[in-house]
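Here is how the chains run, residue by residue.
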Amino acid sequence: MPTSSASTTDSAKSSSGGVQSLERAFDLLERMADAGGEVGLSELSASSGLPLPTIHRLMRTLVACGYVRQQSNRRYALGPRLIRLGESSARLLGTWARPYLARLVEETGETANMALLDGDEIVYVAQVPSKHSMRMFTEVGRRVLPHSTGVGKALLAAFPDAEVRALLARTGMPAATDRTITTPEGFLAALAEVRTAGYAVDDNEQEIGVRCLAVPVPDSPTAAAISISGPAGRVTESATGKIVPALQQVAAELSEVLSNPGGTTV
């Protein structure tokens, strides 16, 4: 009995050694995420270069598995089963980051944090506390608005001003302290300073008496930033010259770890 050639099916191995149908399915999910989470088949075909029948077949499988939903308008949206994967991945991201954060604590003496941009909010996914008796503590899993945090500034500095304005319009800009930036113009000016300096500062804006320095993690698969936070009396302007290079070095090392698509080879 003749057998069908594996090279003629979507389960064929790609030139990189992966399974082509899996590579295509994940590529479509990422394109949906880049498009805001909801797209039509023709949009996916135009952006991916794949023929409509192939996309339709892959989307049917993703719908059946719960990773994609078909809307009443016949467009496709990311499905609820991805939430569980995302939450688990965020927890693992924090686990991977902890040794790097611990080194930051050793080098700077202050509490080190890692945070992600999740929708319109900042969520803290990892922390290693300072060894000082007076130290900062942020509960892992805590969510805050980005306009009053160093990590929020570090992350949003990579976004176009129009997108930042839209986010601020959705969240509002409530004052956490009398130092919190509460206008879009003021916040956009602060982001311009972040782009020039290469790091962000929260100067008593989230909590009086606390200063935070933050940098983004370049090329992270999801928008991520690391920071150190401590009493304003220790995290001074003069200490910034020592702390920021340490943050940038650790961010670069984390970037290499997170941008490695396969981690260790299986």
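Residues numbered from 1 in each chain as written. Predicted model: local features only at pLDDT ≥ 70, side-chain atom pairs only at ≥ 80, totals over all residues. Heavy atoms only, no water.

**Student:** How should the overall build of the protein chain be read in this particular structure?
**Tutor:** Within the protein chain one finds 8 helices and 9 strands. With 266 residues in all, the protein chain has 41% of them scored as buried. Counting only contacts in the protein chain whose residues sit at least 6 apart along the sequence, the fraction spanning at least 24 positions is 54%. About 14300 Å² of surface is accessible on the protein chain, with carbon and sulfur atoms providing 54% of the total. (Helix = DSSP H or I, 4+ residues; strand = E, 2+ residues; numbered from the N terminus. Buried < 20%, exposed > 50% of the residue type's maximum accessible area, 1.4 Å probe, protein only. Contact = heavy atoms within 4.5 Å. Areas by Shrake-Rupley, 256 points an atom, 1.4 Å probe, with all protein chains shown as cover.)

**Student:** Can you walk me through the sheet that holds strand S1 (residues 38–39) in this structure?
**Tutor:** Strands belonging to one sheet form pairs held by backbone hydrogen bonds; the direction of such a pair is parallel or antiparallel. Read from one edge to the other, the open sheet built from 3 strands follows the order S1-S3-S2, with strand pairing classed as antiparallel. This sheet does not close on itself; its edge strands, each paired only once, are S1 and strand S2 (68–70). Pairing of S2 with strand S3 (residues 76–78) involves 3 bridges; the strand directions are antiparallel. Looking at S3, one finds that Arg69 is bridged to Ala77. Running over the sheet, helix H1 (residues 20–34) touches S1, S2 and S3 and is turned about 90° from S3. (Pairing = 2+ DSSP bridges. Axes fitted to C-alpha atoms, helices over the stretch in contact; angles between N-to-C directions.)

**Student:** Can you help me understand the pattern of salt bridges in this one?
**Tutor:** Any two side chains of opposite charge can pair, so long as their charged atoms come close to each other. Counted by the stated rule, this structure contains 16 salt bridges. Across the salt bridge formed by Arg170 and Asp120, the nearest N and O atoms sit 2.7 Å from each other. With Arg170 in helix H6 (residues 161–171) and Asp120 in the loop between strand S4 (111–118) and strand S5 (121–128), the pair connects residues that are 50 residues apart, well separated along the chain. One salt bridge connects Arg211 with Asp203, and the closest N-O pair in it is separated by 3.3 Å. The class for Asp203 is partly exposed, based on a relative accessible area of 22%. Here the salt bridges share partners, and the residues they tie into one network are Arg179, Asp203, Arg211 and Glu237. (Salt bridge = Lys/Arg side-chain N within 4 Å of Asp/Glu carboxyl O.)

**Student:** Help me understand the packing of H1 against helix H2 (residues 41–48) in this model?
**Tutor:** A pair of packed helices is captured by two measures, namely the crossing angle of their axes and the spacing between those axes. Viewed as axis vectors pointing N to C, H1 and H2 meet at an angle of 110°, and their least axial separation amounts to 11 Å. The orientation of H1 with respect to H2, classified from their angle, is roughly perpendicular. Residue-level contacts link Asp27, Leu28, Arg31 and Met32 of H1 to Leu44, Ser47 and Ser48 of H2. Residue classes in the contact of H1 with H2 are distributed as 3 nonpolar, 2 polar and 2 charged. (Parallel < 35°, antiparallel > 145°, perpendicular 65-115°, else oblique. Nonpolar A, V, L, I, M, F, W, Y, C, P; charged D, E, K, R; others polar.)

**Student:** Would you mind going over unusual backbone geometry with me for this structure?
**Tutor:** What you tend to see is this: most non-glycine residues have negative phi, and most peptide bonds are trans. Even without a glycine there, the phi angle at Asn204 is positive, about 65°. Tracing the sequence through the fold places Asn204 in the loop between strand S7 (200–203) and strand S8 (210–216). Residue Asp219 is not a glycine yet carries a positive backbone phi of 60°. One can find Asp219 in the loop between S8 and strand S9 (224–231). What makes Asp219 exposed here is its relative accessible area of 65%.

**Student:** Got a minute to help me understand the pairing of S7 in this structure?
**Tutor:** Each regular strand displays side chains that alternate between the two surfaces of the sheet. Side chains Ala200 and Asp202 of S7 all project onto a buried face; the interleaved residues Val201 and Asp203 project onto a face where none is buried. Bridge analysis of S7 against S8 gives 4 bridges, and the strand direction is antiparallel. In the sheet register, Asp203 faces S8, and the bridge partner there is Arg211. Hairpin connection between S7 and S8: a loop of 6 residues separates the two successive antiparallel strands, and Asn204 in this loop has a positive phi of roughly 65°.

**Student:** Before we go on, may I ask you to explain helix H3 (residues 52–65) in this structure?
**Tutor:** Since the α-helix turns once every 3.6 residues, residues separated by three or four places project in the same direction. For H3, spanning 14 residues, the distance from its first C-alpha to its last is 20 Å, which sits close to the expected 20 Å at 1.5 Å a residue. Residues Thr54, Ile55, Leu58, Met59 and Leu62 constitute the buried set of H3. Along the axis of H3, the buried positions cluster into a sector of 125°, meaning they face one direction only. Turned more than 90 degrees away from the buried face of H3 sit Pro53 and Ala64, all of them exposed. Just beyond H3, the residue with positive phi is Gly66, at close to 90°. (Expected span 1.5 Å × (residues − 1). Arc of directions from axis to C-beta.)

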